[in-house]
Structure formats: structure tokens, C-alpha cells
Amino acid sequence: MDATILTPAQQHLLKLFSFDRSDSYAREIQEVLMRHFQKKLDEESDFLWDAGVLNQERLDDIKNEDLHAKD
């Protein structure tokens, strides 16, 4: 069996979670991470929209795609 190597971010999160093991703390960390990645997604989406890569027509196409289907 191969050993799993954790990334520095994963190692840091494990250390962070070791201090407080409550469910409310875990939910709080999850909320912070969710807001962080949502902000990054919004920024990238805005960039693609402003660059003309993304538009309403493309969003409508994506809405109807099966993004889990393998080519």
C-alpha cells in the first residue's frame, strides 16, 4: 500500500483542527473556507466575463451539460 503524502495546506488544517474538536468549530472553519473559495470563484468568473470568455449564452450551455460525464 502506498503512503499518502499530505500537502502543506492539509497538514496545516489538521493542526488547526486539533485545537478545538467541537462541531461548531468545524462548521465555523468550513464557513470561512467556503467564503474564501467563493470569493476566488467570483473573481475568476468576473475576469472571464470581462475577457469575453464567459457570457450568458455559455452559461446556458453549461447549465445543460452533464459535467460529471466522462469523454
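Cut-offs and rules
- Residues numbered from 1 in each chain as written.
- Predicted model: local features only at pLDDT ≥ 70, side-chain atom pairs only at ≥ 80, totals over all residues.
- Heavy atoms only, no water.
- Helix = DSSP H or I, 4+ residues; strand = E, 2+ residues; numbered from the N terminus.
- Rg over C-alpha atoms; globule rule 2.2 N^0.38 Å.
- Buried < 20%, exposed > 50% of the residue type's maximum accessible area, 1.4 Å probe, protein only.
- Axes fitted to C-alpha atoms, helices over the stretch in contact; angles between N-to-C directions.
- Left-handed = near helix turned anticlockwise from the far one by under 90°.
- Contact = heavy atoms within 4.5 Å.
- Salt bridge = Lys/Arg side-chain N within 4 Å of Asp/Glu carboxyl O.
- pLDDT = per-residue confidence, 0-100.

Engineer: Now, about the overall build of the protein: what can you tell me, with residues and values included?
Structural biologist: Of the regular secondary structure elements, the protein holds three helices and zero strands. Walking the protein from its N terminus toward its C terminus, one meets helices and strands in the order α-α-α. In terms of overall dimensions, the protein is more spread out than a globule: its C-alpha atoms have a radius of gyration of 18 Å, far above the 11 Å expected for 71 residues. With respect to the three principal axes, the spread of C-alpha positions in the protein is 45 × 35 × 20 Å. Among the 71 residues that make up the protein, the fraction classed as buried is 4%.

Engineer: For the packing of helix α1 (residues 8-19) against helix α2 (residues 23-50), give the residues involved together with the corresponding values.
Structural biologist: Put simply, α1 and α2 touch, their axes get as near as 10 Å, and they point 145° apart. Between α1 and α2 the crossing geometry is right-handed. Each of Leu 13, Leu 16 and Phe 17 in α1 lies in contact with α2, whose residues at this interface are Tyr 25, Ala 26, Ile 29 and Leu 33.

Engineer: How would you sum up the environment of Leu 16? Please name residues and give values.
Structural biologist: Its location among the elements puts Leu 16 in helix α1. Sequence separation of Leu 16 and Ile 62 is 46 residues, and the distance between their C-alpha atoms is 37 Å. Residues in contact with Leu 16, not counting those within four places in the same chain, are Tyr 25 and Ile 29.

Engineer: Before we move on, can you summarise the pattern of salt bridges with the specific residues and values?
Structural biologist: Inspection of the entire model under this criterion finds three salt bridges. Notably, a salt bridge pairs Glu 31 with Arg 35, separated by 3.4 Å at the nearest N-O pair. Placement of the pair is Glu 31 and Arg 35 together in helix α2, with a separation of four residues, close to one helical turn. Of the residues examined, Glu 31 reaches a relative accessible area of 34% and is grouped as partly exposed.

Engineer: Tell me about the confidence of the model for the protein, and name the residues and values.
Structural biologist: Per-residue confidence for the protein gives a mean pLDDT of 89; residues scoring 70 or more make up 97%. Looking at the elements of the protein, mean pLDDT is at its lowest for α1, recorded as 86, and at its highest for α2, recorded as 94.

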